[in-house]
Amino acid sequence: MAVRANPNLLKQLKRYGADDVTKCFHCGTCSATCPLSQEPFLFPRKSMRYLQMGLGDRLKGNLEPWLCYYCGDCSDQCPREAQPGETMMSMRRWLTAKYDFTGLSMLFYESRTAEVAAIIVVGILSGIGFYLLGALSGGDFGSYPGFIPGHNAEYLTELGWDVKSVVLVMAVFVLGLLGINVLRMWWFTTGSRKDLNVPFDIYMKHILLCPWHFFTQKRYSECDKKKPWVVHIILMLGFVALFAVFLAHMIWQDDTHAHTYLGPLAGVMLVGASSFALSGRLNKTEAHYKYSHHSDMNFLYMCLFVGLTGLAQHIAGRIGCGAFANFMYILHMMGAVPMLLIQLPFTKWAHLVYRPHAMYFAAIQADVIAGREGAKGASAVPHKQSA
Amino acid sequence: MTTECKIGVYVCSCGTNIGKMVDCDAVTGYTKNLPGVAVCKSYKYMCSNPGQEMIVKDIQRYGLDRVVVAACSPRMHEPTFRAAISHGGLNPYYLEMANIREQCSWVHDDHQQATDKAKALTCAAVKRVPFHEPFDMQSVPMNSASLVIGGGVAGLTAALELADANQPVYLVEKDGKLGGNLARIDLTSPYLDSAKDLLAERICRVTKNPKITVMLNSEVESISGYVGNFKAQIKSNGEAVTDIEIGSIIVCTGFREFDASKVGEYGYGRFPNVVTSFDLEKMLKEGRVVMKDGKTPKYVTIINCVGSRSGKYNRYCSRVCCMTALKYANGIKSAAPDAFITNLYTDMNAFGKGCEDFYRRSAERDTIFMMFDKHAPPTVSAAGKGEHFNMLVKVNEILSGEEVEIPADMVVLMVGMEAREDSMNVARLVNISRDKDGWFIESHPKLDPVATSTDGVFIAGACASPKDIPDTVAQARATTARILAKICQGEIWVEPVYAEINEDLCSGCRVCNELCPYSAIDYDPVKKRSAIISVMCKSCGGCVAGCPSGAIKARHFTDKQIFEQIEGVLEWASSRA
Ligand SMILES: Cc1cc2nc3c(=O)[nH]c(=O)nc-3n(C[C@H](O)[C@H](O)[C@H](O)COP(=O)(O)OP(=O)(O)OC[C@H]3O[C@@H](n4cnc5c(N)ncnc54)[C@H](O)[C@@H]3O)c2cc1C
Ligand code: SF4
Ligand code: SF4
Ligand code: SF4
Ligand code: SF4
Ligand code: SF4
């Protein structure tokens, strides 16, 4: 089937950061250099091709950008400075926008103003919300006493509202969105491909790959450069820890253990890793820090903000400044909520969900292709007839 | 006569080139006992300085009067050894070479047989050489005027270069104006400077220069004579004939473009907005790139290698069109900044100075390059109803493995370069040869790229093969260096090896007149005898064998010499029996 070249795709992808892709003249050095490129996914050259020619459908069904961890080796080697690593990164942004059915992701990626405005609006709303919540619950979130004294706590209880329910609603909303988008991703890359026709047992065979890659980032560790992987896994574990603190706080109301040990640890990890990455991006120290899309910067600023306010709140609480701790708590939430509502489902943070799924789908595809080729190979060997 | 000669024989092993297959000592052992051989030696590299000095010393020490070198082909080192023996005091034509490399070691795989053949050939040379006669180089005067055929950038440059050296030039141009194909071009790749600027200065200087006689609407009718002394008739405006005398001729007749309508799948002639490179040059010159309906195209597809590098049309690469296509990509981008430009190519030929950078810059301006297999060219068809463009180009894109459809408002065909339709006549006129594609053949593709097989006739520019402007100009200047060198010498030295007609034996049948491939034989209608113009004769021997009266003798290849050579081979055979 013939595919139609679409000149506008190139223009569109420029808004996602693919500025240098037309310089590529397809020598293939990048695919030969990439430590992660492996049959049947030889990248990044072919993705560069799809993009240059504007083959949007091919690109939409392409898992390869997710298999790249942006070590930047290919960009270093490219004779044309076509920045294949950055192009793969911009394709991940574009894919995130394509997977998202609401169109908000596209809006936030294509316009910095939109992303920043959304973060600010959600941040302010949640600030107001938490302030009221604090006020209504007698100036006490349960953690640090003594914030806004003299309010009527009864009112909130009458309403049947508490932080837990708010979180629950938010979680359902975000998970629902991501769930639908992952389904779309599956359809674009695997489900709609008639040539694959994946049997159910192969889906089951690889199902553990998703959590495995999520927690270990094993593939990232296979890059020749190890530092980016270390930074990334610290950032990622920081979030996991934070999430654990959050769950403990919200669901089991256990604040002593989680807050005392895990909270500060998570804060330090977040602040450390994000300030390292931020300074890297600002000083363009490494290949993968050279080009920064607004979504990258916004994400890191938010991480830093959430980390710092979290730490400040903790320290204030420990030294007995309850009022300041609660104030920090609200700031902390003003960062955390937009991250969860904007950046997790729609922009930078969404890769957290898509990447492990891409590994999963890629493993499935590779399995099907290998099986088919194995079968072909077998039939190519003539059967010896026994005499 | 034989016994009176003192012959020195030198057997070369050419490193291992000869030695590994031919037993050189055996050849020496056999040869030194032959009658007339005064000394016989073998050596590793005869052509080296010590090898040559050995010959020179032996000539003096043994009083040699003939020398045989059994080594490589005479094409390779005959001039070397001729110079060596003349250094030793002998006439250079007292040398004979036996080719025991190309004809023995390189073509045989049996040591014994190769050695036997080497012995036979050496023996033949020893038998022949006593019958060699001494000759002196001959000289003819050199006319300093030149004829330049073709007034393109090659012809203009050559004419100016000669005139600047104060030599008279006749510039004959078929067309009504000077400039050739370059006059049809807008900007030039890779630096995008204007062709008009390049040309205007040349043309202005040519027309003003008193040393240059420009003859427009003119063609060369006939040419006779030989190097340094040609006569030509020029016909102008279809009638007036001018006779001129010149010493050298430079052919600069250029190329013509491939006829795009031959390639059916590109729809040239069928779709109004499928245009050739020259059509586009015209638009670019006018500063407006527009479709037939006057609108600016939004999608432009440029297809390379039209008529070139193909099994069906011309097999060769036209060399300039890849960079010209980039030039168009840039030109169209400037004229229509919103246009989406795709360039379909088979291989990107960015060979010259500044070209790779030009390629890169064009890519940076968002030209999309797609590669196709030259055996599966793209096709152009009308777009479906309701599309916002008017044609669809389909291509099997190699680098993605996809069959891609590209929207197109305009398709530009990069037509290749071809030899001109009258190149055969021009070749006959000046007596040079053409290759299978019709391009004029140079004397040596690497070492002598502007001379031809006819002394005094040179070729420059796109008439010899597709070329860009820098190469064309370099060649034009090279021809003039060759000519000025000859003019400086004042006379021309030519080999004294040629055929001679014995007037007493010639019956005037004129058989030889037609046989000579170099038109070296004149017929004297008064005497009713043929005569050979020695400076034009290449000593091919055609007339010698063809003359029914046996009236022609070739110097240095007399019957006696050849029969003795055959005798030599037979003598070796009988010595074995
Ligand atoms: C579409 C196109 C674009 C190009 N663009 C570029 C470019 O951007 N940069 C670049 O470097 N090169 C370019 N070239 C190549 C360039 O055109 C040639 O290198 C150059 O024109 C060769 O010059 P020439 O004098 O050898 O031949 P020509 O330009 O062909 O001139 C030959 C002249 O001889 C005359 N003539 C022919 N036969 C006879 C005869 N029998 N008697 C008398 N006169 C005769 C002709 O009328 C003509 O005037 C381009 C070529 C094409 C086809
Ligand atoms: S991105 Fe660079 S290295 Fe990769 S194929 Fe293109 S030019 Fe070559
Ligand atoms: S950035 Fe690294 S992982 Fe990504 S394609 Fe390039 S070499 Fe491969
Ligand atoms: S120069 Fe380029 S377009 Fe022209 S024939 Fe050669 S490869 Fe084809
Ligand atoms: S072929 Fe012989 S006989 Fe006839 S014209 Fe020529 S030289 Fe004279
Ligand atoms: S030897 Fe050859 S070149 Fe010389 S006159 Fe005879 S035919 Fe012509």
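Residues numbered from 1 in each chain as written. Chains lettered and ligands numbered in written order. Predicted model: local features only at pLDDT ≥ 70, side-chain atom pairs only at ≥ 80, totals over all residues. Heavy atoms only, no water.

## Structural notes on the overall build of chain B
Piece 1. Scanning chain B for helices and strands turns up 15 helices and 30 strands.
Piece 2. Its C-alpha atoms put chain B at 100 × 60 × 40 Å along the principal axes.
Piece 3. For chain B, the proportion of contacts with a sequence separation of at least 24, taken over those separated by at least 6, is 69%. (Helix = DSSP H or I, 4+ residues; strand = E, 2+ residues; numbered from the N terminus. Contact = heavy atoms within 4.5 Å.)

## Concerning helix α6 (residues 153-164) of chain B
All names here are of chain B.
Piece 1. Taking 1.5 Å per residue as the helical rise, α6 with its twelve residues ought to reach 16 Å, and the 16 Å between its terminal C-alpha atoms agrees with that figure.
Piece 2. The buried count for α6 comes to ten of twelve residues, which makes it a mostly enclosed element.
Piece 3. Within α6, the full set of buried residues consists of Val153, Ala154, Gly155, Leu156, Thr157, Ala158, Ala159, Leu160, Leu162 and Ala163. (Expected span 1.5 Å × (residues − 1). Buried < 20%, exposed > 50% of the residue type's maximum accessible area, 1.4 Å probe, protein only.)

## Regarding the domain arrangement of chain B
Piece 1. Domain assignment breaks chain B into domain 1 (7-135), domain 2 (146-254 + 420-492), domain 3 (258-418) and domain 4 (499-554).
Piece 2. Using only C-alpha atoms to locate each centre, domain 1 of chain B and domain 2 of chain B end up separated by 44 Å. (Domains from an automatic or database assignment.)

## Considerations on unusual backbone geometry
Piece 1. Following Glu39(A), the chain continues into Pro40(A) via a peptide bond in cis, with omega recorded as -5 degrees.
Piece 2. Within the secondary structure layout, Pro40(A) lies in the loop between α2 (29-33) and α3 (45-53).
Piece 3. Following Ser189(B), the chain continues to Pro190(B) via a peptide bond in cis, the omega torsion being -5 degrees.
Piece 4. Relative to the helices and strands, Pro190(B) resides in the loop between β8 (187-188) and β9 (193-194).
Piece 5. Its identity as a non-glycine residue notwithstanding, Lys284(A) has a phi of 50 degrees, on the positive side.
Piece 6. You can see Lys284(A) is positioned in the loop between α16 (256-283) and α17 (294-318).
Piece 7. Judged by its relative accessible area of 49%, Lys284(A) falls in the partly exposed class.

## Side note on the interface of chain A and chain B
Accessible area lost upon the coming together of the parts is a frequently used measure of interface size.
Piece 1. Residue-level contacts link 23 residues of chain A with 24 residues of chain B.
Piece 2. Buried surface at the junction of chain A and chain B, both sides included, amounts to about 2100 Å², of which 52% is carbon and sulfur.
Piece 3. Inspection of the region where chain A meets chain B yields seven salt bridges.
Piece 4. The closest approach of N and O atoms between Arg49(A) and Glu397(B), which form a salt bridge, is 2.2 Å.
Piece 5. Elements with a contribution of two residues or more to the side of chain A that touches chain B: β1 (3-4), α1 (7-14) and α3 of chain A.
Piece 6. Element by element, the count of residues in the side of chain A that touches chain B is highest for α3(A), at six residues.
Piece 7. Taken together, the residues of the side of chain A that touches chain B break down into eleven nonpolar, three polar and nine charged.
Piece 8. The pairing of β1(A) with strand β22 (residues 402-408) of chain B spans two bridges and is parallel. (Buried area = accessible area lost by both parts, 1.4 Å probe. Salt bridge = Lys/Arg side-chain N within 4 Å of Asp/Glu carboxyl O. Nonpolar A, V, L, I, M, F, W, Y, C, P; charged D, E, K, R; others polar. Pairing = 2+ DSSP bridges.)

## Some words on the site of ligand 4
All names here are of chain B.
Piece 1. Residues in close proximity to ligand 4 include Asn304, Cys305, Ser308, Arg309, Cys317, Ser318, Arg319, Val320, Cys321, Cys322, Asp347 and Asn349, which together make up its full environment.
Piece 2. Sorting the residues of the shell around ligand 4 by element identifies β17 (299-306) and α9 (321-335) as the ones contributing at least two each.
Piece 3. Class assignment for the residues of the shell around ligand 4 results in five nonpolar, four polar and three charged. (Near = heavy atom within 4 Å.)

## Observations concerning the packing of aromatic side chains
Piece 1. Counted under the stated rule, the structure contains 22 aromatic pairs over all chains.
Piece 2. Ring centres of Tyr360(A) and Phe361(A) lie 5.5 Å apart, and the angle between their planes is 35 degrees; this geometry places the pair in the tilted category.
Piece 3. Taking the relative accessible area as the measure of exposure, Tyr360(A) reaches 8% and is therefore buried.
Piece 4. Pairing Phe258(B) with Tyr313(B) gives two aromatic rings, centres 5.3 Å apart and planes at 65 degrees, and the pair type is edge-to-face. (Phe/Tyr/Trp six-rings, centres within 6.5 Å; stacked < 30°, edge-to-face > 60°.)

## Some words on the packing of helix α8 (residues 277-286) of chain B against α9(B)
All names here are of chain B.
Piece 1. Orientation of α8 relative to α9, taken along the N-to-C sense of each, is 35 degrees, at an axis distance of 11 Å. In the packing of α8 onto α9, the handedness of the crossing is left-handed. Where α8 approaches α9, its residues Ser277, Leu280, Glu281 and Leu284 are matched on the opposing element by Thr324, Lys327, Tyr328, Gly331 and Ile332.
Piece 2. Along the lines of polarity and charge, the residues of the contact of α8 with α9 split into four nonpolar, three polar and two charged. (Axes fitted to C-alpha atoms, helices over the stretch in contact; angles between N-to-C directions. Left-handed = near helix turned anticlockwise from the far one by under 90°.)

## A few points about the sheet that holds strand β3 (residues 66-71) of chain B
Residue and element names in this part refer to chain B.
Piece 1. Pairing is parallel in the open sheet, where four strands are placed in the order β2-β1-β3-β4. Strand pairing shows two members of the sheet lacking a second neighbour, β2 (37-43) and β4 (95-99), which therefore form its edges. Looking at each pair of strands side by side, their axes are set apart by 15 degrees on average, direction ignored.
Piece 2. Examined bridge by bridge, β3 and β4 share five bridges and lie parallel to one another. From the neighbouring strand, alanine 70 faces β4, where its bridge partner is alanine 98.
Piece 3. Its contacts with the sheet place helix α1 (residues 24-31) against β1 (7-12) and β2, and it is angled at close to 175 degrees to β2.

## Regarding the pairing of strand β21 (residues 391-397) of chain B
Residue and element names in this part refer to chain B.
Piece 1. By the criterion of burial, β21 is predominantly enclosed, with five of the seven residues buried.
Piece 2. Across four bridges, strand β20 (residues 379-382) lies against β21 in antiparallel orientation. In the sheet register, valine 380 faces β21, and the bridge partner there is valine 393.
Piece 3. Relative to β22, β21 runs antiparallel, the two being bridged by seven bridges. By the bridge assignment for β22, asparagine 396 is matched with glutamate 403.
Piece 4. Between β21 and β22, which pair antiparallel in sequence order, lie four residues; one of them, glycine 401, sits at a positive phi of approximately 75 degrees.

## Some details on the pattern of salt bridges
Piece 1. Here the structure, examined in full by the defined rule, presents 45 salt bridges over all chains.
Piece 2. For Glu281(B), the salt bridge identified is with Lys327(B), shortest N-O distance 2.8 Å. In this pair, Glu281(B) is assigned in helix α8 and Lys327(B) in helix α9, connecting sequence segments 46 residues apart. Both residues of the pair, Glu281(B) and Lys327(B), belong to the buried class.
Piece 3. Its salt-bridge partner being Glu503(B), residue Lys527(B) comes within 2.8 Å of it at the nearest N-O pair. Here Glu503(B) lies in the loop between β27 (499-501) and α13 (511-515) and Lys527(B) lies in the loop between β28 (521-524) and β29 (529-532), a separation of 24 residues in the sequence.
Piece 4. Classification of Lys527(B) by relative accessible area gives partly exposed; the value is 45%.
Piece 5. Glu503(B) gets classed as partly exposed once you look at its relative accessible area, which sits at 37%.
Piece 6. Several salt bridges converge on common partners, so that one network encompasses Glu86(A), Arg93(A), Arg281(A), Asp296(A) and Lys348(A).

## Re the environment of Leu237(A)
Residues and elements named next belong to chain A.
Piece 1. Within the secondary structure, leucine 237 is located in helix α15 (residues 227-250).
Piece 2. Classification of leucine 237 by relative accessible area gives partly exposed; the value is 34%.
Piece 3. In the structure, leucine 237 is positioned 32 residues away from methionine 269 in sequence and 7.8 Å away in space, judged by C-alpha atoms.

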